[in-house]
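Listed below, chain by chain, are the residues.
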Amino acid sequence: MATKKSTPAKPAKKADDKKKKNAWLKYSAAQLKAVDKLADEYKEFISKCKTERECVAEIVRQAKALGYKDLDSVKKVKTGDKLYSVNMGKAIALFVVGSEPLEKGMKLLGAHIDSPRIDIKQNPVYEDKELCLLDTHYYGGIKKYQWVTIPLAIHGVVCRKDGTTLNIVIGEDDKDPVIGISDLLIHLSQDQLKKDGAKVIEGEDLNILVGSIPLKDTEKDAVKANVLKLIKDKYGFEEEDFLSAELEVVPAGRARDFGLDRSMVYGYGQDDRICAFTSAKALFNITSVDRTAVCILVDKEEIGSVGATGMTSVFFENAVAELMDKRGEYSELKVRRALANSHMLSSDVSAAFDPNFPSVMEPKNAAYLGHGMSFNKFTGSRGKSGSNDANPEFIAKIRAILDKNDVSYQFCELGKVDQGGGGTIAYIMAKYNMEVIDSGVALHNMHAPWELSSKADIYEAERGYEVFLKEI
Ligand code: MN
Ligand code: MN
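Quick caveat, the model's predicted, so the values are computed rather than measured.

Cut-offs applied
Residues numbered from 1 in each chain as written. Chains lettered and ligands numbered in written order. Predicted model: local features only at pLDDT ≥ 70, side-chain atom pairs only at ≥ 80, totals over all residues. Heavy atoms only, no water. Donors = N, O, S within 2.8 Å, 3.2 Å for Na, K, Ca; no water. Helix = DSSP H or I, 4+ residues; strand = E, 2+ residues; numbered from the N terminus. Pairing = 2+ DSSP bridges. Contact = heavy atoms within 4.5 Å. Axes fitted to C-alpha atoms, helices over the stretch in contact; angles between N-to-C directions. Parallel < 35°, antiparallel > 145°, perpendicular 65-115°, else oblique. Phe/Tyr/Trp six-rings, centres within 6.5 Å; stacked < 30°, edge-to-face > 60°. Buried < 20%, exposed > 50% of the residue type's maximum accessible area, 1.4 Å probe, protein only. Domains from an automatic or database assignment. Buried area = accessible area lost by both parts, 1.4 Å probe. Salt bridge = Lys/Arg side-chain N within 4 Å of Asp/Glu carboxyl O. Polar contact = N/O pair within 3.5 Å; in protein donor to acceptor, adjacent residues only side chain to side chain. Nonpolar A, V, L, I, M, F, W, Y, C, P; charged D, E, K, R; others polar.

A. Local environment of the coordination of the manganese ion (ligand 2). Distances from the manganese ion (ligand 2) to its protein donors, namely Asp 271 (OD), Glu 302 (OE), Glu 302 (OE) and His 447 (NE2), fall within the range 2.0 to 2.6 Å. All donors to the manganese ion (ligand 2) come from one chain, and their sequence spacing reads D-x30-E-x144-H. Between the manganese ion (ligand 2) and the manganese ion (ligand 1), a separation of 3.1 Å is found, and both are coordinated by Asp 271. Of this pair, Asp 271 sits in helix α5 (residues 270–284) while Glu 302 sits in the loop between β13 (293–298) and α6 (315–326); the two residues are 31 residues apart in sequence, bridging distant segments of the chain.

In structure tokens:
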């Protein structure tokens, strides 16, 4: 068989050149201002919203201000309506109703709003050698040794037997105390430092120190008694109420600018609130669409998308059925068509090339900070296992839309083929037979207490989501 004679390579077109480069190089003065403005809003969002519930509450607040209504509260739905549906306070779907019937499919943006953290156990409070501590169970994949000796805060809810719920945030206000987990002094760490990284600090050792003053005239566990008294007096709940509490321990403090050039953002929970924030923002910038535009923000991705508030729940499917019913379009078959005819950007963070750890990356297929939105044709690990592998026909359409609108983007993999990998919610949506691809923003320090992103990538992602909703 003859080989095709190769033709000399043409010089790359200017537009192609541009998108491969660092996005910072293309910005006008006005765009640089817009990049900073969006980064400021983003820092505010992730500083304030450190749990899935806090994210949902904030997104609902923003949605209402823009005229969105609760789907449950409306009887009839018409073209142009802006609606939201909240699932148990921990997941949300937002809709801008299009002019086309829903069975023609939707344009979906999806991301998750849970982040790795340390949860307080149901029976947490104990005293040891006159110190009061809380027992924890970590949530999601963390390198446990990263979570010691840093200031931590508690966010969450305590549900009391009388039906009332207390919202708790301790450690964020400058006047608040913080809490934390101790580490061994270097002077006595000979044995500890011989351990393998996964065991330097073990799960059961992530105990949070919360107090050291004994309550007067108390014989047993006086420090614990004092802490419980304080909790009762100041926060209004009893030891037993921990049984029905969801308290999440997260890094204390606000997100900030990072780098001498202020080009990056340093903050907790950027996986995946960076995609949640930009996806919601993109939807909020949409007022009229042909096919219905949707943003879905879900919980539990970090532990496998399970449970009623995770992506595998039928919540979204039910919301679509309700929406169709209220628009007078419902049938079981039409719900299926609506889902199967949809196009989705399933967004999650990716790993940005880190010059400190080049050995785990394949440079041609790595994401780079400042090079725009990241697309993963597939995720998974060890031979694409567990991955949604996006169709090239769909990818070509997305490329055309992004190029037309001068959005910077890059195609990448999480790391070298045999180095592990990760999963997202894309495969769950693919089950409905819709077109879906993993997209998002690349980070340094993924799953660490302080994650790092590029302001340019936040800006490009928001723009990318917006043009996707307008043009796919
Ligand atoms: Mn994620
Ligand atoms: Mn993650």
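B. Quick peek at the sheet that holds strand β20 (residues 435–440). Read across the open sheet, the nine strands follow the order β1-β2-β3-β13-β4-β14-β20-β16-β18; overall the sheet is mixed. Strands at the two margins of the open sheet, each flanked by one partner only, are β1 (69–70) and β18 (409–411). Bridge analysis of strand β16 (residues 373–376) against β18 gives three bridges, and the strand direction is parallel. Counterpart to Met 373 in the pairing with β18 is Tyr 409. Those strands touched by α6 are β2 (82–87), β3 (91–96), β4 (107–112) and β13, and its axis lies near 35 degrees from that of β3.

C. The packing of helix α2 (residues 29–48) against helix α10 (residues 455–471), seen in detail. Relative to each other, α2 and α10 sit at 95 degrees, their axes nearing to 9 Å. By the criterion of interaxial angle, the relationship of α2 to α10 is roughly perpendicular. Touching Gln 31, Ala 34, Val 35, Asp 36, Leu 38, Ala 39 and Tyr 42 of α2 are Lys 455, Ala 456, Ile 458, Tyr 459 and Glu 462, all from α10.

D. Region of the structure containing the packing of aromatic side chains. Enumeration according to the criterion identifies 15 aromatic pairs in this entry. A ring pair is formed by Tyr 42 and Phe 277, whose centres lie 5.4 Å apart and whose planes are at 50 degrees; its orientation type is tilted. Of this pair, Tyr 42 sits in helix α2 while Phe 277 is found in helix α5, placing the two residues 235 residues apart along the sequence. With respect to burial, Tyr 42 and Phe 277 carry one shared label: buried. Grouping aromatic residues by their ring pairs yields a cluster made of Trp 24, Tyr 27 and Tyr 459.

E. Region of the structure containing unusual backbone geometry. Each neighbour pair has its own omega, and for Asp 271 with Asp 272 the value is 10 degrees, a cis peptide bond. Residue placement: Asp 272 occurs in helix α5. Despite not being glycine, Lys 384 has its phi angle at roughly 65 degrees, a positive value. By the element assignment, Lys 384 lies in the loop between β17 (380–381) and α8 (392–404). Judged by its relative accessible area of 36%, Lys 384 falls in the partly exposed class. For His 447, which is not a glycine, the phi torsion comes out positive at approximately 70 degrees. Considering the arrangement of structural elements, one finds His 447 in the loop between β21 (442–443) and β22 (451–454). For His 447, a relative accessible area of 17% gives the class buried.

F. Up close: the environment of Ala 245. Inspection of the secondary structure assignment puts Ala 245 in strand β10 (residues 245–251). The spacing of Ala 245 and Asn 22 is 223 residues in sequence and 46 Å in space, taken between C-alpha atoms. Setting aside chain neighbours within four positions, we find Ala 245 in contact with Gln 122, Val 157 and Val 158.

G. Quick peek at the domain arrangement of the protein chain. Domain assignment breaks the protein chain into domain 1 (17–115 + 268–471) and domain 2 (117–251). In this assembly, 18 residues from domain 1 lie in contact with 16 residues from domain 2. Both faces combined, the contact of domain 1 with domain 2 buries some 1400 Å², and carbon together with sulfur accounts for 51% of it. Three residues, Lys 50, His 447 and Pro 449, lead the burial of domain 1 against domain 2; their summed loss comes to 33% of the area buried on that side. Along the contact surface separating domain 1 from domain 2 lie four salt bridges. Note that Glu 52 and Arg 117 form a salt bridge whose closest N and O atoms lie 3.1 Å from each other. Inspection of the region where domain 1 meets domain 2 yields nine residue pairs in polar contact (both at pLDDT 80 or more). The class makeup of the residues in the side of domain 1 that touches domain 2 is five nonpolar, three polar and ten charged.

H. Structural view of the sheet that holds strand β9 (residues 208–211). Taken in spatial order, the six strands make up an open sheet running β8-β7-β10-β5-β6-β9, and their pairing is antiparallel. Edge positions in the open sheet fall to β8 (165–170) and β9, since each of these has one partner strand only. On average, each strand axis in the sheet is tilted by 30 degrees relative to the strand beside it, whichever way the strands run. Summarising the sheet, strand β5 (residues 117–128) and strand β6 (residues 131–139) pair through eight bridges and their orientation is antiparallel. In the strand pairing of β6, Glu 127 is matched with Cys 132. Here helix α4 (residues 222–235) sits on the sheet in contact with β5, β6, β8 and β9, set at roughly 130 degrees to β5.

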